[in-house]
Amino acid sequence: MARKRHFGEIDGLAVGQTFTSRKEVAEAELHLPLIAGISGGESEGADSIVMSGGYEDDEDFGDVIIYTGEGGNDPNTKRQVDHQKWDLRNQALRVSESNGLPVRVIRGAQLKSPFAPSEGYRYDGLYFVSRSWSEQGNAGFLICRFELIREDATPPVWPSRSDAQPADPGASPRVRSTIQRIIRNTQIAQDVKEIHEYTCQICGTQIQLDGRLYAEACHIKPLGRPHNGPDVPENILCLCPNCHVRFDRGAFVVSAKLEVRDRVGAEFEGVRIRTNGRHHPDARFFSYHEGLHPQDNRESQS
Ligand SMILES: [Zn+2]
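Treat the numbers as computed from the prediction; the structure is a model and nothing was measured.

Trainee: Explain the overall build of the chain here, please?
Mentor: Scanning the chain from N- to C-terminus turns up six helices and 14 strands. Scored against the burial criterion, the 302 residues of the chain give a buried share of 47%. Excluding contacts between residues fewer than 6 apart, the proportion of contacts in the chain whose partners are at least 24 apart in sequence is 60%. When the accessible area of the chain is evaluated, it comes to approximately 14900 Å², of which 49% is carbon and sulfur surface.

Trainee: How do you make sense of the layout of surface pockets when you look at a structure like this?
Mentor: Any empty space left between the atoms is revealed when a probe the size of a water molecule rolls over them. One number sums up the size of the second largest pocket: a volume of about 460 Å³. Counting residues per element, the ones that place at least two in the lining of the second largest pocket are β3 (45-51) and β5 (64-68). Here the residues of the lining of the second largest pocket are counted per class, giving ten nonpolar, nine polar and six charged.

Trainee: What is the right way to look at the coordination of the zinc ion in this model?
Mentor: Tetrahedral coordination by four donors sets the ideal angle at the metal to 109.5 degrees; octahedral coordination by six donors sets it to 90 or 180 degrees. Every protein donor of the zinc ion is listed here as C200 (SG), C203 (SG), C240 (SG) and C243 (SG), and their distances to the metal cover 2.3 Å. One can describe the site at the zinc ion as tetrahedral: its four donor atoms subtend angles covering 104 to 117 degrees at the metal. Donor residues for the zinc ion, ordered by position in the chain, follow C-x2-C-x36-C-x2-C. Note that C203 is positioned in the loop between α4 (187-195) and β9 (207-209) and C243 in helix α5 (residues 241-248), a separation of 40 residues in sequence.

Trainee: Which parts of the structure should I look at to understand the side chain of K221?
Mentor: Relative to the helices and strands, K221 resides in the loop between β11 (216-219) and β12 (236-239). For the buried residue K221, which engages in no salt bridge, the nearest side chain bearing the opposite charge is D282, 10 Å off. Those residues in contact with K221 that lie beyond four places of it in its chain are H227, G229, P230, N235, F285 and Y288.

Trainee: So what exactly am I meant to see when it comes to the packing of aromatic side chains here?
Mentor: Aromatic ring pairs: the centre-centre distance and the angle between the two ring planes describe each pair. Per the stated rule, a full pass over the model turns up three aromatic pairs. Between W86 and F146, the ring centres sit 5.5 Å apart and the planes meet at 80 degrees, which makes this aromatic pair edge-to-face. Of this pair, W86 sits in the loop between β5 and α2 (88-99) while F146 is found in strand β8 (residues 142-150), placing the two residues 60 residues apart along the sequence. What makes F146 buried here is its relative accessible area of 0%. Between F252 and F268, the ring centres sit 5.5 Å apart and the planes meet at 75 degrees, which makes this aromatic pair edge-to-face. Taken together, the positions of F252 in strand β13 (residues 252-254) and F268 in the loop between β14 (260-262) and α6 (283-292) put the pair 16 residues apart, joining distant regions of the chain.

Trainee: Mind showing me how you'd approach the pattern of salt bridges here?
Mentor: When their charged atoms lie close together, side chains carrying opposite charge are able to pair. Counted by the stated rule, this structure contains 15 salt bridges. Put simply, R104 and D47 hold a salt bridge, and the shortest N to O gap is 2.8 Å. Here the residue R104 occupies a position in strand β6 (residues 103-108), and D47 occupies one in strand β3, the gap between them amounting to 57 residues. Of the charged contacts in the structure, one is a salt bridge between E259 and R261, with a shortest N-O distance of 3.6 Å. The class of R261 is partly exposed, set by a relative accessible area of 29%.

Trainee: Help me understand the confidence of the model for the chain in this model?
Mentor: Note that predicted coordinates carrying low pLDDT should not be read in detail. Of all residues in the chain, 87% attain a pLDDT of 70 or more, and the chain-wide mean is 85. When the criterion is pLDDT under 50, residues 161-181 qualifies, and its contacts beyond four places in sequence or with other chains add up to 28 contacts. Long-range and interchain partners of residues 297-302, a stretch whose pLDDT sits below 50, account for eight contacts in this model, where long-range means more than four residues apart.

Trainee: I keep staring at α5 and nothing clicks. Help me out?
Mentor: The periodicity of an α-helix, 3.6 residues per turn, causes residues three or four positions apart to be oriented the same way. Every buried residue belonging to α5 is among C243, H244 and F247, and all of these are buried. Projected down its long axis, α5 carries its buried residues within an arc of 105 degrees, all on one side. The inward-facing, buried residues of α5 abut β11, β12, β13 and α6. Backbone geometry just after α5 places G250 at a positive phi near 80 degrees.

Trainee: Looking at this structure, I do not really get the pairing of β11. What am I missing?
Mentor: Note on strand geometry: in a regular strand, side chains alternate between the two faces of the sheet. The two faces of β11 match: E216 and C218 on one face and A217 and H219 on the other face are all buried. Examined bridge by bridge, β11 and β12 share four bridges and lie antiparallel to one another. Following the sheet pairing, C218 is matched in β12 by L237.

Trainee: Would you take a moment to explain the environment of L32 for this structure?
Mentor: Checked against the element boundaries, L32 lands in the loop between α1 (22-27) and β2 (38-41). Judged by relative accessible area, which is 44%, L32 ranks as partly exposed. For the pair L32 and D47, spaced 15 residues apart in the sequence, the C-alpha separation amounts to 9.8 Å.

Conventions we followed
- Residues numbered from 1 in each chain as written.
- Predicted model: local features only at pLDDT ≥ 70, side-chain atom pairs only at ≥ 80, totals over all residues.
- Heavy atoms only, no water.
- Helix = DSSP H or I, 4+ residues; strand = E, 2+ residues; numbered from the N terminus.
- Buried < 20%, exposed > 50% of the residue type's maximum accessible area, 1.4 Å probe, protein only.
- Contact = heavy atoms within 4.5 Å.
- Areas by Shrake-Rupley, 256 points an atom, 1.4 Å probe, with all protein chains shown as cover.
- 1 Å grid on protein atoms, 1.4 Å probe; cavity = no way out; pocket = protein on both sides within 12 Å on 5 of 7 lines; lining within 4 Å.
- Points joined across faces, edges and corners; volume = space filled by probe spheres on them.
- Nonpolar A, V, L, I, M, F, W, Y, C, P; charged D, E, K, R; others polar.
- Donors = N, O, S within 2.8 Å, 3.2 Å for Na, K, Ca; no water.
- Tetrahedral: all angles 85-135°; square planar, octahedral: opposite > 155°, others 65-115°.
- Lys, Arg positive; Asp, Glu negative; His and termini not counted.
- Salt bridge = Lys/Arg side-chain N within 4 Å of Asp/Glu carboxyl O.
- Phe/Tyr/Trp six-rings, centres within 6.5 Å; stacked < 30°, edge-to-face > 60°.
- pLDDT = per-residue confidence, 0-100.
- Arc of directions from axis to C-beta.
- Pairing = 2+ DSSP bridges.

Structure (structure tokens):
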């Protein structure tokens, strides 16, 4: 049996690193399949994609990729000759969307895009799947489509273009306006969810989605600028989507004694968050979070 699929960065590999062949890309463990564009399992999720011009409907905007799923095309002509289905590796990318798993993106020189490398293959960092849907492709068959958005922390490797790229990669205002809400995840976050068996640490809900248990990893001190919270288990809670959004917006804060202060109702007031011997959230991060959401200033926070 193959080893456990690895999501996220590969130790020792820098964004922007180039490779001469798919074989080299696979040897670096960036993307193991030699032919398939998507690396992933139907139940585990997809850990990487290669964009190399295999699908005529792919669209590349740099920070945002509209990626076509696999299947239904003639391997010689690349033309669609049948519908694509929501199974196998297309389903894997959907699991990555539901679970907020990071997807490594590798662009090949054959890709018809201003963001393609001039030769070989280039590792372009981590993206998140923000949406997926079916639509009719150029050839008239249904294709599976995915919108992937570059992780804020990954600097773009292509030359900056003032009209297309914001100077500050942490800002991304044009991209941001198109995103509803991206669930971010890392191996560490995944581990925390598994410790709690995908049960919400505030309300105790355990939900199923696509036949799998589903929970969200909530960073107590937010990731990214200006907060720069760390991606460590002590800064992560395993929450259901309802509690996650309420915590993020300051409807809930948590005291040093790990008791919920419910700012909008009595339902969770005083509830002690569920803990587990293998996971200890750090009270300092709760204190930082509370500082972001002062009691009397809640409406102006976002
Ligand atoms: Zn909950």
